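A closer look at the structure
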Amino acid sequence: MPQSVSGVEMRKRQAAHIEAPPQAPGQPRPNTCCLCWCGCCKCLWNEDRMERSERQTCTKMDSIEAAEEQHPSLEEMLSWARSFEMMLRSLEGREVFREFLRSEYSEDNLLFWMACEELKKETNPSVVDERSRIIYEDYVSILSPKEVSLDSRVREGINQSLTEPSNLMYEEAQLQIYTLMHRDSFPRFLNSSTYRDLLASRRRTCLDT
């Protein structure tokens, strides 16, 4: 029966490996270290692993910072004034519009519209069932603090659809909220300081460059 390696012998092997001279370039790396997995060993394999991890982290952070620094162009912002639909299809446009709606305490209208858009893309029946009920509880139920303004006919249709949810069950309700935002909130947004100040800032940036 093979004898177990004592703790003293294991420490000697580890110390010998740590104190060993570095391998010359091009030579195969020794395969004597059995403790690399713990992260405490200074072997070449562990150093390479740490360097790769650091490079990957830096790359991810650079990508995040680059994404955060992106801003809508002046041309894109001017296009929002011409088309409500175009603004909603723009990520930056939705964020700016949402900021304005928040100041009017009507942010939930946009959140409901966005939730319905995501639901329409879903095809998995179990996910559709779950998301449709979440939308109902968050925005349609009279018990919800974020209840959106829907007429009784549309609301009743949603109540009936809950027995067999589908990814299109909120389509009529979504259109109603879309129309409300388009006719009511959107004109005020275009005349708001939220939009005008951002537009003026982007114009100054274009002139400076």
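Fair warning: this is a prediction, and the values are worked out from it, not measured in the lab.

1. Regarding the nonpolar core
Residues F97, F112, I158, Y170 and F189 are the most contacted members of the largest nonpolar core, which totals 37 residues. Contributions of two or more residues to this core are made by α3 (74-82), α4 (84-89), α5 (91-103), α6 (107-121), α7 (125-140), α8 (152-161), α9 (171-190) and α10 (193-208). It is α9 that contributes the most residues to this core, 7 residues altogether.

2. Quick look at the packing of α5 against α9
Running from N to C, α5 and α9 cross one another at 90°; their axes reach a closest spacing of 10 Å. Between α5 and α9, the interaxial angle falls into the category roughly perpendicular. Of α9, the residues touching α5 (which contributes V96, F97, F100 and L101) are M181, S185, F186, R188 and F189. Looking at the contact of α5 with α9 residue by residue, the classes come out as 7 nonpolar, 1 polar and 1 charged.

3. Topic: the packing of aromatic side chains
Counting across every chain of the model gives 10 aromatic pairs. For the ring pair F189 and Y195, a centre distance of 5.2 Å and an interplane angle of 45° mean the geometry is tilted. In this pair, the class of F189 matches that of Y195, namely buried. Of the aromatic side chains, those joined through ring pairs into one cluster are F84, F97, F100, Y178, F186, F189 and Y195.

4. What about unusual backbone geometry?
Here the phi dihedral of Y105 falls at roughly 60°; this positive angle occurs in a residue that is not glycine. Within the element layout of this structure, Y105 appears in the loop between α5 and α6. A relative accessible area of 80% places Y105 in the exposed class.

5. Section: the pattern of salt bridges
Under the counting rule described, the total for this entry stands at 12 salt bridges. Across the pair E107 and R98 runs a salt bridge, and its minimum N-O distance is 2.5 Å. With a relative accessible area of 16%, E107 lands in the buried category. R98 gets classed as partly exposed once you look at its relative accessible area, which sits at 23%. Note that R153 is salt-bridged to E172, the shortest N-O span being 2.6 Å. Highlighted residues: R153 in helix α8 and E172 in helix α9, separated in sequence by 19 residues. Through salt bridges with shared partners, one network takes in E85, R89, E117 and K120.

6. What about the side chain of R94?
Along the chain, the position of R94 falls in helix α5. Although buried, R94 forms no salt bridge, and the nearest oppositely charged side chain, E95, lies 6.0 Å from it. Looking at R94, its side chain comes within polar contact range of the main-chain oxygen of L88, at 2.8 Å.

7. Focus on the packing of α5 against α6
Two packed helices can be described by the angle between their axes and the distance between those axes. Their axes nearest at 7 Å, the elements α5 and α6 cross at an angle of 145°. Here R94, F97, R98, L101 and R102 of α5 come into contact with α6, specifically with E107, L110, L111, W113 and M114. For the contact of α5 with α6, the residue count by class is 6 nonpolar, no polar and 4 charged.

Here is what the cut-offs are and how they apply
Residues numbered from 1 in each chain as written. Predicted model: local features only at pLDDT ≥ 70, side-chain atom pairs only at ≥ 80, totals over all residues. Heavy atoms only, no water. Core = buried A, V, L, I, M, F, W, Y, C linked by side-chain atoms within 4.5 Å. Buried < 20%, exposed > 50% of the residue type's maximum accessible area, 1.4 Å probe, protein only. Helix = DSSP H or I, 4+ residues; strand = E, 2+ residues; numbered from the N terminus. Axes fitted to C-alpha atoms, helices over the stretch in contact; angles between N-to-C directions. Parallel < 35°, antiparallel > 145°, perpendicular 65-115°, else oblique. Contact = heavy atoms within 4.5 Å. Nonpolar A, V, L, I, M, F, W, Y, C, P; charged D, E, K, R; others polar. Phe/Tyr/Trp six-rings, centres within 6.5 Å; stacked < 30°, edge-to-face > 60°. Salt bridge = Lys/Arg side-chain N within 4 Å of Asp/Glu carboxyl O. Lys, Arg positive; Asp, Glu negative; His and termini not counted. Polar contact = N/O pair within 3.5 Å; in protein donor to acceptor, adjacent residues only side chain to side chain.

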